[in-house]
Every structure is written in C-alpha cells, then in structure tokens.
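Take a look at the letters that make up each chain.
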Amino acid sequence: MVANTWHDARRAAEEVKVQYNCEMLGAPILSVEDAVAKESYFQVPESWSPKPVGDFAKGMSEAHCRIESTEVRMGSQYYFYLETQTALAIPDEDQCIVVYSSCQVPSMLQNCIAKCLGVPLHNVRVITRRVGGGFGGKVTRSMQVAVACAVAAYRLKRPVRMYLDRKTDMIMAGGRHPIKANYIVGLKNDGKITALHVDLLIDAGISLDFSPLLPSTIISAMKKYNWGALSFDYKLCKTNVTSKSAMRAPGEVQGSFIAETVIEHVASILGLDANVVRENNIHTFESAEFFYGSCVDSPLGYTLPSVWEKLKFSSLLDNRRETIKRFNTSNRWLKRGLSLVPCCYPVRMGPRPARVTIFTDGSIAVEVGGIELGQGLWTKVKQMTAYALGQLWDGGSEDLMLKIRIVQQDTVSLAHGGITGGSTTSEESCEAVRHACNILVERLLQVKTILEQNESGGVSWEGLIFQAQIQSVDLSAQTYWVPDSSSQNYLNFGAAASEVEVDLLTGATTILQTDIIYDCGRSLNPAVDIGQIEGAFVQGIGFFTMEEVVLDKDGKVVSDGTWTYKVPTIDTIPRKFNIELLCSPMHEKRILSSKASGEPPLLLAASVHCAIREAIKAAREDLQIEDKFFRMDTPATMDVIKSLCGLDNVERYLQSLAVSSES
C-alpha cells in the first residue's frame, strides 16, 4: 500500500483483508517434529557440510560408562535492533534509482533490486551511511522493505520511504534458529569424555536464507572441548513459520550451549564439579589442531589454557566457591551459583575494498566496504588511516585524526563491498585502508624528501599535499585486499566466570558478578573492543535467560512487543562486570596482531546459565530431590527456574513464617 503519508498507508493496509483457501492443503508444519513426520527438509550442499572428528565407535569402546540419548532445546531470539527495517528510494535520470537502506550487504541488495526492476546493476545505487543496529537481521531481512520501496518509486516516478513499526518487524524478522538436540556421550570415571554423538533438528522456517551454514557453525562451536571423537547427524527442517536468518554468532551460540549441557550432564552423573570436568576436557595444542586443523596458528598463539588459569586466579574462584557454599547453607530461599566457561571461536577473513583520497587542503576522505553498525568500525578505520599516513614522519608524529572523514558506503562509488558480519569486517577494512595508505605514502615520500632538502624548518602535512598537487601526484588510492589463504581462518579465545543469586520464591535471577578475560590480540582500540565484549555478553544473557519467542497454535508470533518479549535492561547487567583484554603474543598473520571481538564473547554468557544451574542444584538438594541431572533449556526464564526449584516453595515459605510466629 502506497500513500502520501505513513499513517494513511497504515490505515489503508489495515482495511485489506486477505483470505486463503486452505482446503487442498494439509495441516501446517509448525515444529521440527512435524517436519520429521512429513519429511520436510532443506538440503545442505556437500561442500558446506561439516566433517566428523575421530572414531566414534572406538571412543565409545574406551568409555567406562555412557549417557544415552538425552534431549535439550534452544529457542529463537529476536534481533531487537534500535532501528527497525527502513529504506528510502529516489528515482534518478536514465532509468536509474538511488536507494538509502539500513542494510548489512549493500552489494547484495543492489543485485536484488536490479533483478526486480529489470535494469543493469550500474543503474542501481545503494547508499548506507550507517545502520542503527543489525546483529545479522539486516543481511537478507532488509531486502523486502528496500525492494518494495524501489519498485514503488521506480513505477510512480517519485520518492518512496518505508519503515516498519516494532510489532511488524518482530513478526517478519525471523531471528535465531530454534534447535532440538539429542546427544550420546561416552566418558571415563574421572570425567574425561571419550566420544560424543549429536543429532540436530534445526528449524529453518519457510525459506532457505542462511540456514545451510548452521550445521557447520554449530559443530564448529562444539569443538571447543576435546571430545575424543565427535560424530553427528543433522536435518535442516522446512516449517511453515517465518524464515530464520543469521543472528550474531549464528549456530555458534547454540553449539556452545550444547557443549556446556553435555559437560554439566557428565559432572552430575559422576558427582564432580562441572569446572573440573571442563578442565579435564579443555584442548591441548595437539588436540585443538586435531579438531580445528589450520585454524590453530602455533603453540604460542593457543592461549586458551593460559586464559583459563589466569581467570581462575584473578576471580578468586576457589575462595568464592567456599563463600557460596556457606551462603547456601545459611539461606533457604536464596541460592547462589558460580560457573566458569571457556570460548573457542573460529572466524574467517574475507576480501575488502577501500579508497583513500587526500584533498588539496590536506583533508582526507576514506571509503571502505564495511558498514558502521555501532561496532566502532569507523573509529578503527580512522585510527588506521592516521597511523598509516603518519609513517611519513618519524614516530608518526603528525596528528591527522581531525583531518579524516569516513564516507558512507556507496555501491557505485566503491563496488564489491561485501557483507558486514562475522566479526572480521573492522579488521578487513583496516587492512584494506592500510594498503591504500601505503600506496599514497610511497608517492608522497619522494615529494617530502625533496622538500626536506630545500626547507630547513621541517615539512607540514598541508605543505606536503600542496606541493604534491603542484607536481601532479595522484592523491587517491584504491585497493582490494584479499587475505592470504594460509591466514584467513583463526581462533578466538576467552573465558568468563559468573556468579548469580536465585530467588526460589519468584525464580528471579540476579547476576552478582561476571569476570571475563578475552584474547583480543593487540587490540586496535581497547575501548571499542571492551564495548563489543560487554554488548555481546549482555545480548547472550538475553538468549540464555529471558528472550522467549512464543508462537500460537497457527504459528503466528505472539511475543510481538516489549510487553510479551523481554530483553536485557540495566537490571540485567552484572552488578560487578570486570573485563580484561589479554595482551597475547604478536600474531604475525593478524592485522597488526589484532583479533575479532564482535561475536565470540556472546558465547561466554553461557556462564550465567550454568551458574543458575548450580544455584538450582543447591535448592534441589535442600528439597532432597534425587535426580542427579535436570534438563534446563534456553531461555531459562523465571517460570522455568521456579518450577525446577519447586513450585510449592511459596507455600513452604508461608508455613515457615507461621511456625516462627507461633514460636
């Protein structure tokens, strides 16, 4: 519906009633169980399928005992970016069109619009200045809005703008993939796991989208522990619900949670501390190389064991465990738990274009393929530009930061920008800019050398650029940086310790303290990277403890607003939140020895879920519940926690008050 105002269009759209004739259709497929029953699947290309590790049968034969098929489920999660899907399309001359879109892949959107309009790519110009939050939700899910705007503007020969209200966005967006997993484990009496098999049912929704990547990313995240042997089977289920898409750490967060569930289950069966079981199964360099292959750089670069030991020491883990035991003994209706969780996250670098232009007044414009989503990409690119051009002076003394402006991404001006996602876009953009700056430095160095011979007072930046202009030096350089195949994959390491307090009467959880140590290499900007770690962790808390996507019996999204869908707030953030960046050794194959920080820390929020489990264990011991292991899916909402702690706790509490008042 197109109208002169948004409100008119909205009112007109509400008058439209669509009726579907479903007489010839069977019952809708609304769950992975329905999909299995009707054999409704998507196929994953063989080249995208993950490969098993080790000999599962041999690993099971070495086990002292085994855990038979056990189920765990993970729910979906909505992106909840601040800016909903939006676009503005403006017709231009010669059958061209300019589209301003809040998207993460302008080049892919350009392609889609060109196909829909039946025009060549050079007739479609997509401009993205910045995006008000993406988290993967503006990779493919932004296309419906932008293409609809483009078609209407092209047809009507006038500008068309569209933006979705929050309710519509929540219904359409799709979000994270719900997953059902069943696992079989072989283990020894000391907690060493010898073999693991996992069966995965992944709810892809009605269309393929990014779903074929999920099996690979799930299994990749599960490799964070040395399972001895790892085998799996998966089915990508086609259901009649909104298509799921990539969301921050897509598949990795679910795979990491499955791994932690297995560890917790093993610890419960053997009566061991879960953190002891984790230590028994953390990779050595040799086993990490066996599971991850070329992603592991060198023994010096494999920092996970040192991160783990450092966090145990700095967070005073042993002392806090004893304090928590005393607290739980003396408090009947409040229980605390503490858990330490590692993170081992592979990323892949990709190609990236960049252009750096110096104007006659010395000001600098920089174009990169990456999009500023709030992750600090422009800040890092600006720093890299100043650093690289500053090489013209000894020690890089010339301050160029105030002279640099990062220009919006434009598919006609700078083509083949690629996708902004996967945590590596900032690094890729910085390296592309550095190469472009090196070209300019090489050109300007000759001019500077001649000026220094003729002038005794030193050469200023403005004077150098003015002289270069006179000598017809090209002051613009463009590069297309492509990573070396031997270094485009690498691992990120981190660990988090979280302590929580659970109210048994309400199921409410308070995160008392979280300590994180994260190997960011030699950070390009520590303030930006710490902000990324904080944001990812809090978003992970939402996935693990509160964000619940609810569908009705017809598959319609019910949790379509903040009244029914709860996201983390200021009260959710740990009361004490300590983050330390590990200054790891020089990484020759990394961009100035830096590493990614956007997605990996989200996995560390599993420490909160595991700490809640520890608190519930203490509560169940008081209730003398004999089950050694209890299933706790995601999200672990207040209702779930309260039911696991005992639904009759309020009655018990009131009885205790009555008894104390009588005495």
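Preceding this paragraph is the structure being described.
Per chain, the residues get numbers from 1 upward, laid out in the order the sequence is written. Given that this is a predicted model, residues contribute local features only at a pLDDT of at least 70 and side-chain atom pairs are listed and counted only at 80 or more, while totals for whole chains, interfaces and linings are drawn from all residues. Side-chain measures here rest on the full set of heavy atoms in the structure, leaving out hydrogens and waters.

1. Regarding the pairing of strand S18 (residues 576–582)
When DSSP locates at least two bridges between a pair of strands, those strands are taken to pair. A run of H or I in DSSP becomes a helix once it reaches four residues, and a run of E becomes a strand once it reaches two; helices and strands are each numbered from the N terminus. Note that strand S17 (residues 509–519) and S18 share seven bridges and pair parallel. Among the inter-strand pairings, Tyr518 is bridged to a residue of S18, identified as Leu581. Viewed along the sheet, the connection from S17 through helix H16 (residues 526–545) into S18 turns out right-handed. The handedness of a crossover follows from its direction of travel: if, with the strands pointing away from the viewer, the path from the first strand over the helix to the second runs clockwise, the crossover is right-handed.

2. Quick look at the packing of helix H8 (residues 252–270) against helix H18 (residues 606–622)
Between H8 and H18, whose axes approach to 10 Å, the crossing angle comes to 25 degrees. Here H18 runs roughly parallel to H8, going by the angle between their axes. In terms of crossing hand, the pair formed by H8 and H18 is right-handed. Where H8 abuts H18, its residues Phe257, Glu260, Glu264 and Ser268 lie against Ala606, His609, Cys610, Arg613, Glu614 and Lys617. Charged means Asp, Glu, Lys or Arg here, nonpolar means Ala, Val, Leu, Ile, Met, Phe, Trp, Tyr, Cys or Pro, and polar covers whatever is left, Gly included. Counted by class, the contact of H8 with H18 contains three nonpolar, two polar and five charged residues. Helix axes are fitted to C-alpha atoms over the stretch in contact, other axes to C-alpha atoms as well, and angles between N-to-C directions run from 0 to 180 degrees. The labels follow the angle: roughly parallel below 35 degrees, roughly antiparallel above 145, roughly perpendicular from 65 to 115, and oblique for the rest. We call a crossing left-handed when the near helix sits turned anticlockwise from the far one by less than a right angle, and right-handed when that turn is clockwise. Contacts are assigned to residue pairs that have any heavy atoms within 4.5 Å of one another.

3. Concerning the environment of Gly598
Here Gly598 is to be found in the loop between S18 and helix H17 (600–603). Overall, Gly598 belongs to the buried group, its relative accessible area being 11%. Residues Gly598 and His7, spaced 591 residues apart in sequence, show a C-alpha to C-alpha distance of 37 Å. Ignoring sequence-local partners within four residues, the contact set of Gly598 consists of Arg248, Ser423, Gln532 and Ala536. In this scheme, a residue with accessible area under 20% of its type's maximum is buried, one over 50% is exposed, and one in between is partly exposed, where area comes from a 1.4 Å probe on protein chains only.

4. Considerations on the nonpolar core
Buried Ala, Val, Leu, Ile, Met, Phe, Trp, Tyr and Cys residues form a nonpolar core when they are joined through side-chain atoms within 4.5 Å. Within the largest apolar cluster, 140 residues are counted, with the highest numbers of intra-cluster contacts made by Leu200, Trp227 and Trp461. Tallying contributions element by element places helix H14 (residues 425–454) first for this core, with ten residues. Residues in contact with Leu200, not counting those within four places in the same chain, are Ile179, Lys180, Ala181, Ile218, Ile219, Asp233, Tyr234, Lys235 and Ile258.

5. Regarding the layout of surface pockets
There is about 1200 Å³ of room inside the second largest pocket. Surrounding the second largest pocket, 32 residues form its lining, Met1, Ala9, Ala13, Met162 and Leu164 being those nearest its centre. Mapped onto the lining of the second largest pocket, the elements with two or more residues apiece are helix H1 (6–15), helix H5 (143–156), strand S6 (160–163) and helix H6 (166–173). Among the elements that line the lining of the second largest pocket, the one with the most residues is H5, at six residues. Taken together, the residues of the lining of the second largest pocket break down into 22 nonpolar, four polar and six charged. Here a cavity is any set of points on a 1 Å grid over the protein atoms alone where a 1.4 Å probe fits but cannot get out, and a pocket is any open set with protein on both sides within 12 Å along at least 5 of 7 lines; a residue lines the site when it has an atom within 4 Å of a point. Grid points are joined across faces, edges and corners, and a volume is the space filled by probe spheres set on the points.

6. Describing the packing of aromatic side chains
Aromatic rings from Phe, Tyr and Trp, with only the six-membered ring used for Trp, were paired whenever their centres fell within 6.5 Å, and each pair was classed as stacked if the ring planes differed by under 30 degrees, edge-to-face if by over 60, and tilted otherwise. Inspection of the entire model under this criterion finds 15 aromatic pairs. Ring centres 5.6 Å apart and planes at 70 degrees place the aromatic pair Tyr225 and Trp227 in the edge-to-face group. Here Tyr225 matches Trp227 in class, with each residue buried. Three or more aromatic residues joined by ring pairs form one cluster here, namely Tyr78, Tyr79, Phe80, Tyr81 and Tyr565. Note on geometry: a ring has a charge over it if NZ (lysine) or CZ (arginine) is within 6 Å of the ring centre and within 35 degrees of the ring normal. The lysine or arginine in question, Arg166, covers the ring of Phe80, its NZ or CZ lying 4.5 Å from the ring centre.

7. A few points about the sheet that holds S6
Read across the sheet, five strands follow the order S6-S3-S4-S5-S14 without closing on themselves; strand pairing throughout is mixed. The two strands at the open ends of the sheet, each matched to only one other strand, are S6 and strand S14 (409–410). One ladder, built from two bridges, connects strand S5 (residues 124–128) with S14; its direction is antiparallel. Considered in S14, the bridge of Thr128 is made with Gln409. Sitting on the sheet, helix H4 (residues 106–117) touches strand S4 (96–101), S5 and S14, and the angle it makes with S5 is about 145 degrees.

8. A look at the sheet that holds S17
Ordered by their spatial adjacency, four strands build an open sheet running S10-S16-S17-S18, and the pairing between neighbours is mixed. Two strands lie at the open edges of the sheet, namely strand S10 (334–348) and S18, each paired on one side alone. Averaged over all pairs of adjacent strands, the angle between their axes in this sheet comes to 15 degrees, without regard to strand direction. Sheet topology places strand S16 (residues 489–503) next to S17; nine bridges connect them, and they run antiparallel. Opposite Glu501, over in S17, you have Thr510 as the bridge partner.

9. Regarding the environment of Ile263
On the secondary structure map, Ile263 appears in helix H8. When its relative accessible area of 0% is taken as the criterion, Ile263 is described as buried. Separated by 71 residues in the primary sequence, Ile263 and Lys192 place their C-alpha atoms 9.9 Å from one another. Apart from the residues within four sequence positions on either side, Ile263 is in contact with Ile193, Tyr225, Trp227, Ala274, Val277, Arg278 and Asn281.

10. Observations regarding the pattern of salt bridges
Salt bridges are counted wherever a side-chain nitrogen of Lys or Arg sits within 4 Å of a carboxyl oxygen of Asp or Glu. Tallying each qualifying case throughout the model produces 41 salt bridges. Asp318 is the partner of Arg321 in a salt bridge, and the nearest nitrogen-oxygen pair spans 3.3 Å. Of the two residues, Arg321 and Asp318 both sit in helix H12 (residues 317–330), three residues apart, roughly one turn of that helix. For Glu452, the salt bridge goes to Lys448, with nearest N and O atoms at 2.4 Å. Remark: Lys448 and Glu452 occur in helix H14; sequence separation between them is four residues, near one turn of the helix. Classification of Glu452 by relative accessible area gives partly exposed; the value is 41%. For Lys448, a relative accessible area of 7% translates into the label buried. One network of salt bridges, in which partners are shared, links Glu33, Glu71, Arg73, Lys180, Arg631 and Asp633.

11. Details of the pairing of S16
With 14 of 15 residues buried, S16 lies mostly within the body of the structure. Across 15 bridges, S10 lies against S16 in antiparallel orientation. Of the residues in S16, the one forming a bridge with Pro342 is Ala495. The antiparallel hairpin formed by S16 and S17 contains five residues in its connecting segment, where Gly507 sits at a positive phi of about 85 degrees.

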